[in-house]
Amino acid sequence: MTSLVVGPRAQVGRRLLRSSPLTVTVSFVFVGLLIFLALFGPLLAPHGPESLNLATGLTTPNGEFWFGTDDLGRDVFSRTIYGVRYALFGPVLIVVGAFVIGNVLGLAAGYRGGLLDASIMRWVDLMYAVPGLLVTIVLIGVLGASYLLAVVVLVVLTSPFDTRIIRGVTLEQRSLPYVEAARTLGLPVRAILFRHIFPNILPISFANAFLNFAFSLVALSALSFLGLGIGPGTADWGRMLSESRLLLFDNPVAALAPGGMIVLTATSMNLIGDWLYDRLADRGRAR
Amino acid sequence: MSSNAEPLRGVDANGSLLTAVGLAIHSRIGGDQRTIVTNLDLSLNEAETVGIVGESGSGKSMTARALVGLLPTGLSARGEVRLDGSNLLEMSQRALSRIRGSEIALVLQDPFTMLNPVTRCGDQVADGLVDARGRRLGRRTRREEAARRLAEVGIPETVDRYPFELSGGMRQRVAIAAALAGDPRVLIADEPSTALDVTTQGEILALLKSLQTSRSMALLLITHDLRVAFSTCDRIYVLYAGSLLEVGDASAVEAEPLHPYTLGLLLSEPPADRRLTELVAIPGSVPAADDVATICPLAPRCQWAQPKCEVTNPPLKPVGAERLSACLRIDEIRAEMRSLRHHAERPAVVHHPAEASVPLVSVDNLQKTFADASTRRGSAPVIALGGVSLTVGVTESVGLVGESGSGKTTLARCLVGLETPTAGAITIDGVDASNYGSLSADHLRQLRRTVQIVFQDPYSSLNPLRTVGSALKEVLELHRKRSRNLEGGVAELLEQVGLPASFSRRKPVALSGGERQRVAIARALAVKPRLIICDEPVSALDVSVQAQILGLFRTLRDELGVGYLFITHDLAVVRQVVERVYVLYRGEVVESGPVDAVLDHPQHAYTVRLVESVPRSASQQRPMR
Ligand SMILES: Nc1ncnc2c1ncn2[C@@H]1O[C@H](COP(=O)(O)OP(=O)(O)O)[C@@H](O)[C@H]1O
Ligand code: SF4
Ligand SMILES: [Mg+2]
């Protein structure tokens, strides 16, 4: 598993074919572009995200408003650019939260075993069993719509997946002689977990983080779309999609732009995550 | 040497059945081409057993596969492989597959890869059989024929069983029977016994030899073990980094190797019947064929190398009658080689350390039972250790031998707390070590400093992401808090195991198997243990590297006074490094005593079998069974 042996060159070809290098490269470029837009977007956007042009009203794409405007006369292009921040921010929070919880619980369960493992895995099984998004909707419906609440609930929903994966690879590493040697040498558990096992399973967590990102983006957008996430009027893709869906005949781009961005972003993240997984799996096979 | 049989169909003027001339094998991966075998000439006569001997990576397996046209994709062969006057390398796949099985058959190391898991053994053997007129046999006759053929390999009872129901040795017998189904004239066996237990290994080799004789077929045996080749073959070819270094009659090569590599290999494989004064090893490790393409391939490791050895890759040249050697200097150094061997093979006397009143480790009636994880609840638990008692004295070196599954590793793991015994007592240095989980921190530290372990697989026993230096420093920091000079400590440890201090900056990927095992030993030494448990520490290594590591164990013993519990299946290894030995069989000690006494006069039936399974050539006293 993971980085014990670097796979022979021969397999690189086959592996790249499966998830073709072009699509992965394009995905990386696209994600790079998103990060750039998140940082510098406001400098590039021709209009403010909230600035209303009631005089202009609803227009189709033209020289000034590349993607046209919505019913309040807001520039769809600028709003799409501003939306990148929300699209990255929420999922990143969720990914980081799930990463920390998943790694800590997964390492503890996999390494310690016994009762701790049994309890953690019962929790994981339970979370697998509940219909996640439905529970979220009910919960937010009861507690009131809030972006932060949506993020927290999604962290709780995502981390069991991380936990299960990390537990599995930890178990695998734990039985390898290098870990057993560390135990026999009397190294403290902390050192074994964080100095030895963790760096070796990091690539897996990393690949998983990309897949989690895609899932979280779609889930958050869906909640926004339902009005259960971010507040009305915000330049969030999910929100924009729901607010523009009635304009489909007047300015289809107002709905297609945020919708397309969600699909492209999630697909890119998935492709990158899959590609990383495949690389790791091939590495494992090379042993 | 070869048989006196009348020349038969397909035998050429020299009596050769299968010949390879100028065989070269290359692999092409991406853009770069690598040489695997160069310029190999080989002949196999009717009813002859020929061995190809070489360490891993020398190209033995690929040679075997090239001979039957079964090279993996990416590899290609050039030259000639002649059978019945036609060149197999130029044949169509269709024609080749007709020849495979009926003329030449192949048996591989892992029988599982050759058997269809969902087909009964009888069908595996008899499926392709046809009657005299080329028609498929009827069901009844097919079954009878399968039974007859499985009886030929000694397992008639397996006709209706599936491969997974059988032991490794039985599976290999089925694979052999299946390979022989088409009554081939040539059988090529690639390490047919390497994956098996020692006692089974001997049986499979004996079976192959007897089949070869009774069917007067030609047998090409591929092995990394010179002694196996000596015991089974008429002639041997010594292959190294893709080049043949020596060819000759097995008995003649055994009596006097005519290439420094063959001599080195011979001395690297210590005999099981006596302890040698000195373990001579070839330094370094096997190079890639392309790295030694224009020099004598052994030159970087040869003690007799001279500038002229690095000018060309020397071809095989006749030395006396019927011998070929690729050593340029063989005539000059022959006498020196003879005296080196004579010197190295002097038997040594085993010194038993004075018996201390209290042993360092004592194990009393130790039991370990595993709930069978594979088959869930309700099935019988596996008894790995069924009441084992043993002691290891202070500075003593004790061997633990037995076949795989006999409980050796479980015992080792119990001793260092990686496994908790089900019952029984372990006392180490006065501390009750039966349950590591309940020990106080002080006692735990004391045990860690007393006993350490070195594992079998050098490839996974080091953290791939950490440098050698940081791995060693980490342990030094923990156990020698007072010492300031950690760098110096690391350098000293590396020196103790024969590695340069500069290795501390390397990561495991940049190390060979032998070097990794040295680092693992250094890591164990870092706590200054009094006993190191070595669990098959050399069995994953090349023969020539094995000898280096065994030599290292001996040196450390002499210099540091560390004792060993040496776990191995290899009696030759055990004879070289321990004073006392325990024989473990199915979780019980069946025999124990001084190593000479046990190996020379085994009492228990299992020990007798173990000792008899050591390959012996005709020139050695006891005959092959
Ligand atoms: N499928 C393959 N593709 C490329 N190279 C291979 C392949 N199989 C083996 N080799 C290379 O061929 C060389 C000889 O291998 P092999 O014949 O298996 O050696 P041996 O049997 O002596 O251990 C090695 O360097 C190995 O890396
Ligand atoms: S040719 Fe030279 S280097 Fe090669 S084996 Fe002979 S003496 Fe050694
Ligand atoms: Mg091989």
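About the cut-offs
Residues numbered from 1 in each chain as written. Chains lettered and ligands numbered in written order. Predicted model: local features only at pLDDT ≥ 70, side-chain atom pairs only at ≥ 80, totals over all residues. Heavy atoms only, no water. Helix = DSSP H or I, 4+ residues; strand = E, 2+ residues; numbered from the N terminus. Rg over C-alpha atoms; globule rule 2.2 N^0.38 Å. Buried < 20%, exposed > 50% of the residue type's maximum accessible area, 1.4 Å probe, protein only. Contact = heavy atoms within 4.5 Å. Lys, Arg positive; Asp, Glu negative; His and termini not counted. Charge placed at Lys NZ, Arg CZ, Asp CG, Glu CD. Buried area = accessible area lost by both parts, 1.4 Å probe. Salt bridge = Lys/Arg side-chain N within 4 Å of Asp/Glu carboxyl O. Polar contact = N/O pair within 3.5 Å; in protein donor to acceptor, adjacent residues only side chain to side chain. Nonpolar A, V, L, I, M, F, W, Y, C, P; charged D, E, K, R; others polar. 1 Å grid on protein atoms, 1.4 Å probe; cavity = no way out; pocket = protein on both sides within 12 Å on 5 of 7 lines; lining within 4 Å. Points joined across faces, edges and corners; volume = space filled by probe spheres on them. Near = heavy atom within 4 Å. Areas by Shrake-Rupley, 256 points an atom, 1.4 Å probe, with all protein chains shown as cover. Axes fitted to C-alpha atoms, helices over the stretch in contact; angles between N-to-C directions. Parallel < 35°, antiparallel > 145°, perpendicular 65-115°, else oblique. Left-handed = near helix turned anticlockwise from the far one by under 90°. Phe/Tyr/Trp six-rings, centres within 6.5 Å; stacked < 30°, edge-to-face > 60°. Patch = residues over 30% accessible without salt bridge, like charges linked within 9 Å, V, L, I, M, F, W, Y side chains within 5 Å. Core = buried A, V, L, I, M, F, W, Y, C linked by side-chain atoms within 4.5 Å. Pairing = 2+ DSSP bridges.

1. A closer look at the overall build of chain B
Part 1 of the reasoning: What chain B contains, in helices and strands, is 19 helices and 22 strands.
Part 2 of the reasoning: Since a compact globule built from 625 residues should have a radius of gyration of about 25 Å, the 26 Å found for chain B is in line with a globular shape.
Part 3 of the reasoning: Based on the C-alpha atoms only, the size of chain B along its principal axes is roughly 80 × 70 × 50 Å.
Part 4 of the reasoning: Across the 625 residues that make up chain B, the buried fraction comes to 53%.
Part 5 of the reasoning: Across chain B, every contact between residues at least 6 apart in sequence was considered, and the portion connecting residues at least 24 apart equals 67%.
Part 6 of the reasoning: Taking the 70 positively charged and 71 negatively charged side chains of chain B as two groups, their mean positions are separated by 4 Å.

2. Things to note about the interface of chain A and chain B
Part 1 of the reasoning: Listed by partner, the interface residues are 21 residues for chain A and 25 residues for chain B.
Part 2 of the reasoning: Taking both sides of the interface into account, the surface hidden between chain A and chain B amounts to around 2,000 Å²; carbon and sulfur atoms contribute 61%.
Part 3 of the reasoning: For the pair chain A and chain B, the number of links is two salt bridges.
Part 4 of the reasoning: Its salt-bridge partner being arginine 195 of chain A, residue glutamate 474 of chain B comes within 2.6 Å of it at the nearest N-O pair.
Part 5 of the reasoning: Our count for the chain A to chain B interface comes out at ten residue pairs in polar contact (both at pLDDT 80 or more).
Part 6 of the reasoning: In terms of residue class, the side of chain A that touches chain B is made up of eleven nonpolar, five polar and five charged.

3. What to know about empty space enclosed by the protein
In this approach a probe as big as a water molecule rolls over the atoms, and the regions it shows empty are the leftover space.
Part 1 of the reasoning: Evaluation of the coordinates by the stated rule reveals five cavities of 30 Å³ or more.
Part 2 of the reasoning: In this model, the largest cavity occupies a volume close to 120 Å³.
Part 3 of the reasoning: Around the largest cavity, the lining comprises 16 residues; the ones closest to its centre are His196 of chain A together with Leu462, Asn463, Ala471 and Arg523 of chain B.
Part 4 of the reasoning: Sorting the residues of the lining of the largest cavity by element identifies helix 7 (177-184) of chain A together with helix 13 (468-479) and helix 15 (513-525) of chain B as the ones contributing at least two each.
Part 5 of the reasoning: Looking at which element gives the most residues to the lining of the largest cavity, the answer is helix 13 of chain B, with four residues.

4. Some thoughts on the site of ligand 2
Part 1 of the reasoning: In the vicinity of ligand 2, the residues found are His259, Pro260, Cys296, Ala299, Cys302, Trp304, Ala305, Cys309, Cys327, Leu328 and Arg329 of chain B.
Part 2 of the reasoning: Looking at the shell around ligand 2 residue by residue, the class counts come to nine nonpolar, one polar and one charged.

5. A few points about the site of ligand 1
Residues and elements named next belong to chain B.
Part 1 of the reasoning: By nearness alone, 13 residues border ligand 1, and Arg34, Gly57, Lys60, Ser61 and Met62 come closest of all.
Part 2 of the reasoning: For ligand 1, an oxygen atom lies 2.9 Å from a polar atom in the backbone of glycine 57.
Part 3 of the reasoning: Computed on the free molecule, ligand 1 has an accessible area of 560 Å², of which 68% lies beneath the protein chains in the complex.
Part 4 of the reasoning: For the shell around ligand 1, the elements supplying multiple residues, two or more each, are strand 2 (32-45) and helix 1 (60-67).
Part 5 of the reasoning: When residues in the shell around ligand 1 are grouped by element, the largest group, three residues, is from helix 1.
Part 6 of the reasoning: A per-class count over the shell around ligand 1 returns five nonpolar, five polar and three charged.

6. Regarding helix 11 (residues 408-415) of chain B
Part 1 of the reasoning: A large share of helix 11 of chain B lies buried, amounting to seven of its eight residues.
Part 2 of the reasoning: Positioned one or two residues after helix 11 of chain B, glycine 417 of chain B has a phi angle of 80°, which is positive.

7. Focus: the packing of helix 5 (residues 168-179) of chain B against helix 6 (residues 198-214) of chain B
Residue and element names in this part refer to chain B.
Part 1 of the reasoning: For the pair helix 5 and helix 6, interaxial distance at closest approach is 10 Å and the crossing angle is 20°. In terms of orientation, helix 5 and helix 6 fall into the roughly parallel class. As helix 5 runs across helix 6, the sense of the crossing is right-handed. Residue-level inspection shows Gly169, Gln172, Arg173 and Ile176 of helix 5 in contact with helix 6, the latter providing Thr200, Glu203, Ile204, Leu207, Leu208 and Leu211.
Part 2 of the reasoning: Classifying every residue of the contact of helix 5 with helix 6 by side-chain character gives five nonpolar, three polar and two charged.

8. Let's talk about the packing of aromatic side chains
When we look at a pair of aromatic rings, we describe it by the centre distance and by the angle of the planes.
Part 1 of the reasoning: Tallied over the entire structure, the rule returns eleven aromatic pairs over all chains.
Part 2 of the reasoning: Ring geometry for phenylalanine 206 of chain A and phenylalanine 210 of chain A: centres 6.0 Å apart, planes at 75°, overall edge-to-face. On the criterion of helical spacing, the pair formed by phenylalanine 206 of chain A and phenylalanine 210 of chain A is a turn pair, its members being four residues apart in helix 8 (residues 189-225).
Part 3 of the reasoning: By relative accessible area, phenylalanine 206 of chain A is classed as partly exposed at 47%.
Part 4 of the reasoning: Using a relative accessible area of 17% as the deciding quantity, one classes phenylalanine 210 of chain A as buried.
Part 5 of the reasoning: Taken together, the ring pairs in this structure connect Phe553, Tyr564 and Phe566 of chain B into an aromatic cluster.

9. Describing a nonpolar patch on the surface
Part 1 of the reasoning: The grouping of Leu33, Ile35, Phe36, Leu39, Phe40, Leu43 and Leu44 of chain A at the surface amounts to a nonpolar patch, some 700 Å² of accessible area in total.
Part 2 of the reasoning: Within the secondary structure layout, phenylalanine 40 of chain A lies in helix 2 (residues 21-44).

10. Looking at the nonpolar core
Residue and element names in this part refer to chain B.
Part 1 of the reasoning: Within the largest apolar cluster, 64 residues are counted, with the highest numbers of intra-cluster contacts made by Leu150, Ile176, Leu187 and Ile236.
Part 2 of the reasoning: Non-local contacts of isoleucine 236, meaning those with residues more than four positions away in its chain, are made with Gly51, Val53, Leu226, Ala229, Phe230, Glu246, Val247, Gly248, Ala250 and Val253.
Part 3 of the reasoning: Counting residues in hydrophobic clusters, the runner-up holds 57 residues, among them Ala272, Leu499, Phe503 and Val538.

11. Structural notes on the sheet that holds strand 16 (residues 423-428) of chain B
All names here are of chain B.
Part 1 of the reasoning: Read from one edge to the other, the open sheet built from four strands follows the order 14-13-16-17, with strand pairing classed as antiparallel. Only two strands of the sheet have a single partner each, and these edge strands are strand 14 (382-392) and strand 17 (431-432).
Part 2 of the reasoning: Looking at chain direction, strand 13 (residues 361-370) and strand 16 are connected through five bridges and run antiparallel. Of the residues in strand 16, the one forming a bridge with valine 363 is isoleucine 426.

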